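Structure assessment
Listed below, chain by chain, are the residues.
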Amino acid sequence: MKILVANRGEIAVRVMRACRDMGIATVAVYSDCDRTAPFVRYADEAVALGGNAPGESYLRIDKVLDAAKRTKATAIHPGYGFLAENSQFARACRDARLKFVGPSPEVMDLLGGKTAAREVAIKAGAPVVPGTDGPVAEHLSDADVLAIGSKIGYPLMVKAVAGGGGKGMRVVAGPEALINAVRTARSEARTSFGDAAVFFERRLLRPRHVEIQVLGDEHGTVLPFVERECSIQRRHQKVIEETPSVVVSPELREKIAGAAAAVTRRAGYTNAGTVEFLLDEDGQFYFLEVNTRLQVEHPVTEMVTGLDLVQWQIRIAQGERLTLDPSRLLTPHGHAIECRVYAEDPEQKFMPAPGLIRHLRSPAGPGIRDDSGVAAGFEVPIFYDSLISKVIAWGEDRQQAIARMSRALSEYEIGGLKTTIPFFQWILHDPDFLAARMDTTLLDRVLADREGQPFQEVSIASEEAAVIGAALHTFLQGRRTPSESGGGRGAATSTWKRAARLDALRS
Amino acid sequence: MKILVANRGEIAVRVMRACRDMGIATVAVYSDCDRTAPFVRYADEAVALGGNAPGESYLRIDKVLDAAKRTKATAIHPGYGFLAENSQFARACRDARLKFVGPSPEVMDLLGGKTAAREVAIKAGAPVVPGTDGPVAEHLSDADVLAIGSKIGYPLMVKAVAGGGGKGMRVVAGPEALINAVRTARSEARTSFGDAAVFFERRLLRPRHVEIQVLGDEHGTVLPFVERECSIQRRHQKVIEETPSVVVSPELREKIAGAAAAVTRRAGYTNAGTVEFLLDEDGQFYFLEVNTRLQVEHPVTEMVTGLDLVQWQIRIAQGERLTLDPSRLLTPHGHAIECRVYAEDPEQKFMPAPGLIRHLRSPAGPGIRDDSGVAAGFEVPIFYDSLISKVIAWGEDRQQAIARMSRALSEYEIGGLKTTIPFFQWILHDPDFLAARMDTTLLDRVLADREGQPFQEVSIASEEAAVIGAALHTFLQGRRTPSESGGGRGAATSTWKRAARLDALRS
Amino acid sequence: MTFEVEVNGKTRTVAIELVAGAEGRYRVAVDGKEHMVDAREVDQSTLSLILLDAGGASYDVEIVESGVAGELLVRTHDGLLRAVVDGRRRRRSADAAGGAEGEQRVVAPMPGKIVRVLVVAGDEVKARQGLVVVEAMKMESEITSPKAGKVKEVAVTEGQSVEAGRVLAVVE
Amino acid sequence: MTFEVEVNGKTRTVAIELVAGAEGRYRVAVDGKEHMVDAREVDQSTLSLILLDAGGASYDVEIVESGVAGELLVRTHDGLLRAVVDGRRRRRSADAAGGAEGEQRVVAPMPGKIVRVLVVAGDEVKARQGLVVVEAMKMESEITSPKAGKVKEVAVTEGQSVEAGRVLAVVE
């Protein structure tokens, strides 16, 4: 077997690590700006796709398949995002006799669209949130759209049928905002997924987001896992995930996991997937959607079950049977939390903060796993998602996991760009978070309340150390001869660039 | 609570991480050459001990206690090595009203000397290896020493009473080598432990080294853990440890753990300790000694039980009760392996390889923990143990743990000095190791057999890449202007040193 | 030697003096408050400081250039701060701050692509009204007017890529 | 441009030529065997190589100076190699190798402390007989004579610290 990883960043490294653990050769494909990214260097072979924007590179089915052909890859792992939920791609892989590490294109068609998935869920007996039975047709008049809105009731959600990660999604409080929300959601959906279709769904007031990982083999077995709690979201984008959820009892777990298994079994699901639910304060849960791929937050499940989900994806793709004890998957060992480190400036409304990583030192030690996609000297591009690393902390209990996470984040040195680490250090000490009193609206509410307040509280002593450090740094820089300062701090790549520029001039 | 860590390197960082997880302030003490070591930078406060050799720094009880006094520390964690098993130090801490995180000096006196510990074991009903009942007196004539040797029988071991880590230990095949072995062992013991006393013990032919971690609280509870298998040793120095041992059945585990608990309970043991045993091919086990401290290899136990042993050491020192379910400690979750990365050149008979770390990138990802004591820019000193990092791999089973370890070692980039990583990459693929057919003599035998053969097998393709890399590197260096090469590769500290030299000239 | 260091909006005067005969030892006075500091450069981005007078407090200080001229990003154990030494103030802060008086140049806060231009020269805009939408990292950020006024100039077009700090529009 | 690169005892001739118009692209011939290489400097110690002719084989090559003059330590995925470019041969290897003919200078293989001197000038020694004991990192290493012969000179004394490569004794 030789696997081409049709993705980039941390997930490409993650998949390649699993391959190396299994003795499987790997192929990376990369865009121009990703040439020196860790996943390209980690792969056994690497093929340039050319271009930078996703539409020129990672979304180009033809280029990816050509790279597979040239390198004689036998399988393709799509990661998450990009082509991962694109059934056309899965079909093209099948046509090219490449094993797609994921569900069949038929299952993706059935479950990938949110409205079709809803129907499957209803047939499988899973409770669903009230909403439109299909996409809201594009040709409808504003009046017709408003009529549909009234039937569902407000507040409601406008959601992209092909959506994910909060893109193409809008909360609408009342009819006055509906028409505009539909327009912007469609526009975003078209840009992000190439499909402008949206549907409406009733918005629950303060639901938790709870999801069930499933694995299905190619012999009819589908197994559900302990839930992940992903209620800490900023604008529908998950930022912290954990498992287990403190509000899910073993009995409730059986029920939700059972519903997830029923939906995916009914669809003939194979490989890894996730069934998302909303969970009410009274313990009622509602089917939301199925993600027909590996998810960003899969490591927390790995930490409490001891299973390597990517290795299982590959084993399933090789035709292996799921021989796991089902009860083991529902019995978490300890507690795990993940923080998604984004290259965003939390102090500036989480504005994207791409740039050159001048210095990097990752956290380590007991209970800490760092799934990173970057390295010192790499310039985080503007073209893709801002996720640069995921820090996962395991503890005997939630409290220890949180304490270790906080310690790990304090160890993390990412020099040269802003990240969401200061924001995490703040939320990890928030009383509601510590008490696990959370729902999907918590973070946006709290953020709105504290608008303008900085997240970090640097002690007076630390601030003084920073002042002394900045002055001494300048003092020492000044003491260097001019010839030395050229190769000084943060100039890791400058000499290279100068050489490259010289090359360009000569040629 | 404020804890002074009377140690250096990876174990000092390890202890401080536990403290930070628990919200406890830390104090580092350091020798001159350790000024920029990670543990000094990680601590909240740091106090210089002055000097370099252990006798001038980390072994100076007076200086350590003075540092504790100056920083108002309330407790001292001794790590392993240095003063960790020095009962005088534990007593001096008690006199200074500092809580010593470890057993009482009385217990250390009772169990720290190997011959006294042997007596306790006999009284506790644990089987022991035949040997002298106490130290071999220094004033004895060679003839008397030879007579004792004959009584025990050959092969025998000469061992330092105060020993550990293979220091002051000699295997003697017959009487002709005894007198010389006693002399060199005494000399080494005096240098390493300040105590030249040695004793003799019958050498079992192909025993495994199996040990039991114990924790004892200050209220009379002592709990034993699942065994660690530490048979992969080079000259009595452990290099790979794992847990559980493939040859220990749950029944045998109960027996060995029971013996370990009996010995330590009889001694009134508190805090963390390890009882070492030899295990025969027929499943007979013999008490060897007690290490009255945390051990280098403690992380493997943490990985399969989920317990943080250092946090428990601290909790016990705070007077907490061991409220753990004893059966949990004896039921390993998966399998864990540790490789001790030493700054030694395996291709040159494991010769010490101190030096400047010019580049460092640590392994990460699923199942990997790296407990490191070094960083880029740090010069590994000549004065101490050559351990620079411990890589710990966890897997669902032994095979997965080994595969992940091999992958992690392939990710490890330590530029500027030689390490034992190539040796590990070789032994991890050795058929005997893979089949867990091992005893404490395996490694030395295999190493003797392959004398002179290199450990690494670099593929032809890799070698060609290295050739191309070296040429391109030189090509690119040459293209830099002279002013740039001064701050070029590997020169991280040179500018600083130049500034420092200028300072020295001026002053 | 004396430096003016601006951190968190406060400017402090820092005097540094070598201590003779001791490696890495400095006498540092921050606004007149003296410290004895043991400072070592660990790698290209990291200074290790031990404040000998304060019971030996240990600080690992990571210092890199922020990308904005003259500005340093300084990270300690509990946070990241911007520092400007000797008044080499960054232009962006001078632009972004300073209230909403007079002519305002609106700059790109990060590199990205202009996906929409919402105004044309001559438009009257309210404070916080959107001017252009910049996309970077799959996120669209609406760049708004800092004041009510008239758009004097729109300096970018749709589809254009911009660097951080590039002027997008001028509002007067 | 052409280099002589010695790795694993073999010397190869490597010709490097820039490819016009393509960033980081080189035509590299190793003993006449041509490769099209995409090479990028990732950080101060790391070159990323993609051999475009060989199906895109990707190599992360870490290169640092070994501390021995002219010698590079080159690490790839499966091992660490010493490389000497353009014949700047390290003196130590020349000393240590080369059989046991003639006068032999015995050097310290690593920095350390001389804990025992086992011979004096004029002693007759056998091959592999111990000359001095060097301690580093708590380990004592006996440094032995490379040949049978007479000790011409002992260049160190007990308690002395030595750097790597320092001559310890001469055997003739």
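Everything numeric here is computed off the predicted structure, so don't read it as measured data. (Residues numbered from 1 in each chain as written. Chains lettered and ligands numbered in written order. Predicted model: local features only at pLDDT ≥ 70, side-chain atom pairs only at ≥ 80, totals over all residues. Heavy atoms only, no water.)

1. Let's talk about the confidence of the model for chain C
Residue and element names in this part refer to chain C. Looking at chain C as a whole, the pLDDT averages 87, with 92% of positions reaching at least 70. Across residues 89-99, confidence stays below pLDDT 50; counting only partners more than four residues off in sequence or on other chains, it has 15 contacts. Across the assembled chains, the prediction reports ipTM 0.88 with pTM 0.89. (pLDDT = per-residue confidence, 0-100. Contact = heavy atoms within 4.5 Å.)

2. Structural notes on the sheet that holds strand β9 (residues 104-107) of chain D
Residues and elements named next belong to chain D. Strand order in this open sheet of 4 strands is β9-β16-β14-β11, and the pairing throughout is antiparallel. Strands at the two margins of the open sheet, each flanked by one partner only, are β9 and β11 (124-125). The pairing of β9 with strand β16 (residues 167-171) spans 4 bridges and is classified as antiparallel. Following the sheet pairing, Gln104 is matched in β16 by Val171. (Pairing = 2+ DSSP bridges. Helix = DSSP H or I, 4+ residues; strand = E, 2+ residues; numbered from the N terminus.)

3. Looking at the sheet that holds strand β15 (residues 161-162) of chain D
Taken in spatial order, the 4 strands of this open sheet run β13-β12-β10-β15 (chain D), and their pairing is antiparallel. Of all the strands in the sheet, the pair left with one neighbour each is β13 (139-144) and β15 of chain D.

4. So, the packing of helix α3 (residues 61-71) of chain A against helix α4 (residues 87-95) of chain A
All names here are of chain A. It is at 11 Å that the axes of α3 and α4 come closest, and there the two elements cross at 30°. Relative to α4, α3 is oriented roughly parallel. Between α3 and α4 the crossing geometry is right-handed. Within the contact between the two elements, α3 uses Ile61, Val64 and Leu65 and α4 uses Gln88, Phe89, Ala92 and Cys93. For the contact of α3 with α4, the residue count by class is 6 nonpolar, 1 polar and no charged. (Axes fitted to C-alpha atoms, helices over the stretch in contact; angles between N-to-C directions. Parallel < 35°, antiparallel > 145°, perpendicular 65-115°, else oblique. Left-handed = near helix turned anticlockwise from the far one by under 90°. Nonpolar A, V, L, I, M, F, W, Y, C, P; charged D, E, K, R; others polar.)

5. Concerning the domain arrangement of chain A
By convention, interface size is frequently given as the accessible area that disappears when the constituent parts associate. Residue and element names in this part refer to chain A. Domain parsing of chain A yields domain 1 (2-101), domain 2 (102-129 + 204-331), domain 3 (130-202) and domain 4 (334-479 + 494-507). For domain 1 versus domain 2, the distance between C-alpha centres works out to 25 Å. Residue-level contacts link 23 residues of domain 1 with 26 residues of domain 2. Across the domain 1 to domain 2 interface the summed buried area is about 1900 Å²; carbon plus sulfur atoms make up 59%. The largest share of the area that domain 1 buries against domain 2 comes from Arg14, Met22 and Glu85, three residues that together contribute 29% of it. Our count for the contact surface shared by domain 1 and domain 2 stands at 6 salt bridges. Connecting domain 1 to domain 2 are 11 residue pairs in polar contact (both at pLDDT 80 or more). (Domains from an automatic or database assignment. Buried area = accessible area lost by both parts, 1.4 Å probe. Salt bridge = Lys/Arg side-chain N within 4 Å of Asp/Glu carboxyl O. Polar contact = N/O pair within 3.5 Å; in protein donor to acceptor, adjacent residues only side chain to side chain.)

6. Focus: helix α16 (residues 442-449) of chain B
All names here are of chain B. Buried within α16 are the following residues: Leu442, Leu443, Val446 and Leu447. Take α16 and look down its axis: the buried residues cluster within an arc of 120°, on one side only. Lining the buried residues of α16 we find β10 (222-234), β11 (237-243), α14 (421-427) and α15 (431-434). (Buried < 20%, exposed > 50% of the residue type's maximum accessible area, 1.4 Å probe, protein only. Arc of directions from axis to C-beta.)

7. A few points about the interface of chain D and chain B
With 58 residues of chain D at the contact, the number on the chain B side is 54 residues. Of the roughly 4900 Å² buried at the junction of chain D and chain B (both faces included), carbon and sulfur atoms supply 62%. Between chain D and chain B we count 5 salt bridges in total. With a closest N to O distance of 2.4 Å, Arg12 of chain D and Glu463 of chain B form a salt bridge. Viewed at the interface, chain B and chain D are joined by 12 residue pairs in polar contact (both at pLDDT 80 or more). Per-element accounting of the side of chain D that touches chain B gives the leading share, 7 residues, to strand β6 (residues 57-65) of chain D. By residue class, the composition of the side of chain D that touches chain B is 32 nonpolar, 10 polar and 16 charged.

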